[in-house]
Amino acid sequence: MSRPLDFFGYQNGQLSAGGIELSEITKKVGTPVYVYSADGFLSPLQALQKGLSPLRESTICYAVKSNSSLAILKLLGSAGAGADLVSGGELYRAKLAEIAPEKIVFSGVGKTAEEILSGLRYGPNGIYSFHVESIEELKLIQETAKRHQLTARVAFRLNPNINPKTHPYISTGLKRNKFGLQREELLEAAKLSVNMSHVQLCGLSIHIGSQLLSLDPLKEAFLALSQVIGDVEAIISRPLEFADLGGGVGVSYELKGPRPPRLSDYTKLIVKAFGARSVFKSRLRVLIEPGRTLSANAGVLVTQVLFRKHRRKKDFLIVDAGMNDLIRPALYQSKHAVVPVRRNSRGKSFPTDLVGPVCESSDCFASEIPLSSQLQAGDQLALLSSGAYGMSMAGTYNSRVRPAEVLIKDGQWRVIRDRETLEDLVRGEHL
Ligand code: LLP
């Protein structure tokens, strides 16, 4: 499982990735800037592909929400990944990145008729599956498909009422969460689907939460899903084609300390539950929807110190990135390791709050962390493990433009998204 500095490290005292010094990038592009390593995305993807290879058929549907930049989608798509989408906007991105329709699944509790129609019209026969989260949604899919004389392939998302033991905001598989269908509802939906002319029930899906640090809840969830498969097949009188096991495997945000589950243990668990020696004897195609696993440690957010404010017990370092650029610490009290772009042995470390310019006290990336007292205006820092849910959750609060994004690949770097301009900021507004 990846760690914050697996794909970034010091070379001649300079934080680098793939042979490129990050200061070379910031000299041209400025700060704040998200910098990604292509290897950082591809290496966990390949580990998952390898781990799942004993299965008869499997597809890795990258959770686009974790990092939806077009160049990243293209990179992962070219390496064989599909996409797990949750909106028409993500569908549009998948199309631009030319992700194959038979590798696309569409999750989410609130799909609109318009979004459903764009899924039905994706490629010659529509996307691989709409993952249905309510009976009303199922009816809307049937109506929409019928109106346009198309057929919708669907799966039902099971809410297994399992505690994933993660932050409550990113837990999705408990009864109290809005996601999925409970077992009884799911069986009811299966019965309804039998008489639906334009809906074809092809699979079941599950996703119980994100940043899971133990595989136990996943094991439990796979078992719960396995137990429903037979019941559904009995209702529809034919075998299902696939099982989608969701995403959620956690990564390490810490430089030291215990490692989260290994990807090889995760894939072994899957192969055991659905492979040749399982009760399913590998007859189901297995899908997974990893987001963070592929993207978190593939990216850093580079920011520049603007000011130091000295206080008796701690200093504030005010940097040019804010909570609008990386909201995870403010929203989930998540911790991102902070390292200097130029390794610096000068100065004693002093308790420091790393804060942004946004007018909110929650605009704080790290509280009372030891940072060199010599860091000063102009010095650059990297917030590690920012590749997942960083730029994709960025906003323009305080009318701040969103940062640029850069991709390092094959010993070269390029801007994959320009820094927003003031014109971008007011696009579509009318005086
Ligand atoms: N599949 C579904 C249906 C999901 O809802 C999610 C994430 C994933 C897959 C991917 O999960 P992952 O492998 O990345 O854990 N903004 C939060 C995370 C929200 C996750 C939402 N759903 C964060 O920054 O931690």
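Everything that follows concerns the structure shown earlier in this document.
Model, not experiment: these values are computed from the prediction.

Rules used in this analysis
- Residues numbered from 1 in each chain as written.
- Predicted model: local features only at pLDDT ≥ 70, side-chain atom pairs only at ≥ 80, totals over all residues.
- Heavy atoms only, no water.
- Pairing = 2+ DSSP bridges.
- Helix = DSSP H or I, 4+ residues; strand = E, 2+ residues; numbered from the N terminus.
- Axes fitted to C-alpha atoms, helices over the stretch in contact; angles between N-to-C directions.
- Contact = heavy atoms within 4.5 Å.
- Salt bridge = Lys/Arg side-chain N within 4 Å of Asp/Glu carboxyl O.
- Buried < 20%, exposed > 50% of the residue type's maximum accessible area, 1.4 Å probe, protein only.
- Phe/Tyr/Trp six-rings, centres within 6.5 Å; stacked < 30°, edge-to-face > 60°.
- Lys NZ or Arg CZ within 6 Å of the ring centre and 35° of its normal.

A. Focus on the sheet that holds strand β9 (residues 152–157). Spatial ordering of the closed barrel is given by β5-β6-β7-β8-β9-β10-β11-β12, a layout of 8 strands whose pairing is parallel. Each strand of the sheet is rotated relative to its neighbour by a mean of 30°, with strand direction disregarded. Sheet topology note: the β9/strand β10 (residues 199–205) ladder contains 6 bridges and is parallel. Residue arginine 153 lies in a different strand from β10, and its bridge partner there is glutamine 200. Running over the sheet, helix α4 (residues 88–96) touches β6 (82–85) and β7 (104–106) and is turned about 165° from β6.

B. Fine view of the pattern of salt bridges. Under the counting rule described, the total for this entry stands at 21 salt bridges. Glutamate 241 serves as the salt-bridge partner of arginine 153, at 2.6 Å between the closest nitrogen and oxygen. With arginine 153 in strand β9 and glutamate 241 in the loop between α8 (216–236) and β11 (242–244), this residue pair connects regions lying 88 residues apart in the sequence. Judged by its relative accessible area of 18%, arginine 153 is buried. A salt bridge links glutamate 420 to arginine 402; its shortest N-O distance comes to 2.7 Å. With glutamate 420 in the loop between β20 (412–417) and α12 (422–426) and arginine 402 in the loop between β18 (380–383) and β19 (404–409), the pair connects residues that are 18 residues apart, well separated along the chain. On the basis of relative accessible area, arginine 402 is assigned to the partly exposed category, the value being 22%. Three or more residues are tied together by salt bridges with common partners; here these are Arg56, Glu57 and Arg285.

C. Focus on the environment of glutamine 182. Turning to its location among the elements, glutamine 182 is positioned in the loop between β9 and α7 (183–194). Put simply, glutamine 182 and proline 160 are 22 residues apart on the chain and 6.5 Å apart in space, counted from C-alpha to C-alpha.

D. Quick peek at the packing of aromatic side chains. A full pass over the atoms with the stated rule returns 6 aromatic pairs. Ring geometry for phenylalanine 106 versus phenylalanine 130: centroids 6.1 Å apart, planes at 25°, classification stacked. Of this pair, phenylalanine 106 sits in strand β7 while phenylalanine 130 is found in strand β8 (residues 129–132), placing the two residues 24 residues apart along the sequence. Neither residue differs from the other here; phenylalanine 106 and phenylalanine 130 are each classed as buried. Judged by centre distance (4.9 Å) and plane angle (45°), the rings of tyrosine 128 and phenylalanine 242 are tilted. Taken as a pair, tyrosine 128 in the loop between α5 (113–120) and β8 and phenylalanine 242 in strand β11 lie far apart in primary sequence, 114 residues in all. The exposure class of tyrosine 128 is buried, given its relative accessible area of 6%. Grouping aromatic residues by their ring pairs yields a cluster made of Tyr34, Tyr36 and Phe41. Its end group placed over the ring of tyrosine 128, arginine 285 keeps NZ or CZ at 4.2 Å from the ring centre.

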